[in-house]
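Fold and contact review
Each chain, letter by letter, is given below.
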Amino acid sequence: MEKNVGGFDRTARLIAGPALLVVVLAWLLGAIALDLWLGLVVLLVGAILTVTGLTQKCPANSLLGMNTFRRGSEPEEERPTETPR
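Residues numbered from 1 in each chain as written. Predicted model: local features only at pLDDT ≥ 70, side-chain atom pairs only at ≥ 80, totals over all residues. Heavy atoms only, no water.

**A word on unusual backbone geometry**
Trans is the common state for peptide bonds, and a negative phi is the common state for residues other than glycine. Even without glycine at this site, Q56 takes up a positive phi of about 60°. Along the chain, the position of Q56 falls in the loop between helix 2 (36–55) and helix 3 (59–64). Of the residues examined, Q56 reaches a relative accessible area of 10% and is grouped as buried. (Helix = DSSP H or I, 4+ residues; strand = E, 2+ residues; numbered from the N terminus. Buried < 20%, exposed > 50% of the residue type's maximum accessible area, 1.4 Å probe, protein only.)

**Points about a nonpolar patch on the surface**
A surface patch of nonpolar side chains, amounting to about 420 Å² of accessible area, comprises L36, W37, L40 and L43. For L36, a relative accessible area of 49% corresponds to the partly exposed category. (Patch = residues over 30% accessible without salt bridge, like charges linked within 9 Å, V, L, I, M, F, W, Y side chains within 5 Å. Areas by Shrake-Rupley, 256 points an atom, 1.4 Å probe, with all protein chains shown as cover. Salt bridge = Lys/Arg side-chain N within 4 Å of Asp/Glu carboxyl O.)

**Focus on helix 1 (residues 7–28)**
Given a rise of 1.5 Å per residue, 22 residues ought to cover 32 Å, and the 32 Å separating the end C-alpha atoms of helix 1 matches this to within 8%. The complete set of buried residues in helix 1 reads D9, R13, G17, V24 and W27. Relative to the axis of helix 1, the buried residues are bounded by an arc of 80° and lie together on one face. Counted as exposed and oriented over 90 degrees from the buried face of helix 1: F8, I15 and V22. (Expected span 1.5 Å × (residues − 1). Arc of directions from axis to C-beta.)

**Some words on the environment of P59**
Its location among the elements puts P59 in helix 3. Residues P59 and M1, spaced 58 residues apart in sequence, show a C-alpha to C-alpha distance of 8.3 Å.

**As for helix 2**
Here helix 2 spans 29 Å end to end across 20 residues, near enough to the 28 Å set by a 1.5 Å rise per residue. Along helix 2, the residues classified as buried are G39, V42, G46, T50, T52 and G53. Where the residues of helix 2 are buried, they touch helix 1. (Contact = heavy atoms within 4.5 Å.)

**What to know about the packing of helix 1 against helix 2**
Between helix 1 and helix 2, the shortest axis-to-axis distance is 7 Å and the interhelical angle comes to 145°. Both helix 1 and helix 2 take part in a crossing whose hand is left-handed. Its residues assigned to classes, the contact of helix 1 with helix 2 shows 16 nonpolar, six polar and two charged. (Axes fitted to C-alpha atoms, helices over the stretch in contact; angles between N-to-C directions. Left-handed = near helix turned anticlockwise from the far one by under 90°. Nonpolar A, V, L, I, M, F, W, Y, C, P; charged D, E, K, R; others polar.)

**Re the pattern of salt bridges**
All chains considered together, the criterion is met by one salt bridge. Taking the shortest distance from any N to any O, the salt bridge between D9 and R13 comes out at 2.9 Å. Taken together, the positions of D9 and R13, both in helix 1 and four residues apart, correspond to about one turn of that helix. For D9, a relative accessible area of 18% corresponds to the buried category.

In short, shape yes, function no, at least from these values alone.
Have a look at this one:
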């Protein structure tokens, strides 16, 4: 799978994902109260956002045909090469 997460999309994932994981940690330590299912959903969403932000690859973006990774929009072999002067 090619990279398809970049720019603001990646930044948002790398902020929201770890923030949600901190919420889960606070829940596990008893600092905040969450329902079990809500805690598990927050954990899952936080983990997915963090991993997709770090790897810059998102299966959902592929399914939807979205690509926010600008340099990865065209395959390497099809990119025009500069000729030396």
